[in-house]
Amino acid sequence: MKLYAISDLHLRHNDNRLALQALQAHPDDWLIVAGDVGETLAEMELMLSTLTQRFRQVIWVPGNHELWTLPSEQPTLKGEARYQRLVSLCRSYGALTPEDPYPRWPGPGPERVIVPMFLGYDYTFRPDHVPADKALEWAWEDDLMCTDEALLHPEPHASRAAWCAARVESTRARLDALPPGCATILVNHYPLRYEHVRLPRIPRFSIWCGTKRTEDWHTRYRAEVVVSGHLHMPATLWRDNVRFEEVSLGYPVQWKYRGVSDWERCLRVILPGPTP
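Residues numbered from 1 in each chain as written. Predicted model: local features only at pLDDT ≥ 70, side-chain atom pairs only at ≥ 80, totals over all residues. Heavy atoms only, no water.

The chain appears in an unreviewed UniProt entry as Metallophosphoesterase from Corallococcus macrosporus DSM 14697.

Right under this line is the structure:
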């Protein structure tokens, strides 16, 4: 029995939809889908209807793309209302979300809890010399602006940063309530640590990549593995004897450039996994 992970499926691209349909069945295994499935409810439903038939259990966390409000999609749902609609859709297929009780890993090994999280970002992944109120201006100096600024609405929160703060606090309370001896598999669309935002071509895009509020969560909450996506740069990294897995797939030109012919090779094995 294995725990796999993948993210950033971006199913609006036809090649990605075809690759999804070609995935083999893993009837004994679990799969984490760490966000950015697509931009529409139809793309979410395609993922769910496909993967819940091929894995014993699917666990989903939202990326930024799922939370976009597209004028062409009806009904028009924004912010928390859109997120809750996605949660309801997952539950209708038996997929787990950040709003469900954290599942215990039923495979071999010590007691572990899988923790799907929705935390967002708050523009704090930036150098110390950049003031908070200048973060967007700092990114714009490099001609960078994230589509989220137009399409990801935070309602009923005052801002995306405020939504992030609320999600961090509610998630922290749940993590603090876990048994002290229980190891965790932490799952979030965005990296938990600023140092892991490796974007050599667009370094200032980091402000849309997470929050410094989670910098010590891998040790504070006894993580065995931290799973994330968003960067479209799959990698295995280590920090404090904790394994960090960036599991994103990306756009067709990206995964094909890596020499990948099908998605089976892109599924990252989270458990059982290597040791440092």
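Moving on from the coordinates now.
1. Describing the overall build of the chain
A count of helical and extended segments in the chain gives 8 helices and 9 strands. Taking 2.2 N^0.38 as the reference for a compact globule, 276 residues should give roughly 19 Å; the C-alpha atoms of the chain span a radius of gyration of 18 Å, in line with that estimate. Viewed in the frame of its principal axes, the chain has a C-alpha envelope of about 50 × 45 × 40 Å. By residue count, 56% of the 276 residues in the chain fall in the buried class. As presented, the chain carries roughly 11700 Å² of accessible surface, and 53% of it is formed by carbon and sulfur atoms. (Helix = DSSP H or I, 4+ residues; strand = E, 2+ residues; numbered from the N terminus. Rg over C-alpha atoms; globule rule 2.2 N^0.38 Å. Buried < 20%, exposed > 50% of the residue type's maximum accessible area, 1.4 Å probe, protein only. Areas by Shrake-Rupley, 256 points an atom, 1.4 Å probe, with all protein chains shown as cover.)

2. Some thoughts on unusual backbone geometry
The omega angle of the peptide bond from Glu-155 to Pro-156 is 5°, so this bond is cis rather than trans. Looking at where Pro-156 falls in the secondary structure, it is placed in the loop between α5 (148-151) and α6 (160-176). The phi dihedral of Tyr-123 is positive, around 70°, even though this residue is not glycine.

3. Considerations on the pairing of strand β8 (residues 242-246)
Taken across its 5 residues, β8 has 5 buried, putting it largely inside the fold. Both faces of β8 are covered, namely the face carrying Val-242, Phe-244 and Glu-246 and the face carrying Arg-243 and Glu-245. Two strands pair when backbone bridges link them, and strand β6 (residues 223-228) and β8 are joined in this way by 4 bridges, in the parallel orientation. What sits directly across from Val-226, in β8, is Phe-244. Judged from the 5 bridges that link them, strand β7 (residues 235-239) and β8 form a sheet pairing that is antiparallel. Bridging from a neighbouring strand, Arg-239 pairs with Val-242 of β8. Where β7 folds back onto β8 in an antiparallel hairpin, the turn is made up of 2 residues, including Asp-240, whose phi is positive at roughly 55°. (Pairing = 2+ DSSP bridges.)

4. Overview of the packing of helix α2 (residues 41-51) against helix α3 (residues 79-92)
Packing of α2 against α3 brings their axes to within 10 Å, and their N-to-C directions diverge by 25°. It follows from the interaxial angle that α2 and α3 lie roughly parallel. As α2 runs across α3, the sense of the crossing is right-handed. The segment α2 lies against α3, with Leu-41, Met-44, Glu-45 and Leu-48 engaging Arg-82, Arg-85, Leu-86, Leu-89 and Cys-90. Of the residues assigned to the contact of α2 with α3, the class counts are 6 nonpolar, no polar and 3 charged. (Axes fitted to C-alpha atoms, helices over the stretch in contact; angles between N-to-C directions. Parallel < 35°, antiparallel > 145°, perpendicular 65-115°, else oblique. Left-handed = near helix turned anticlockwise from the far one by under 90°. Contact = heavy atoms within 4.5 Å. Nonpolar A, V, L, I, M, F, W, Y, C, P; charged D, E, K, R; others polar.)

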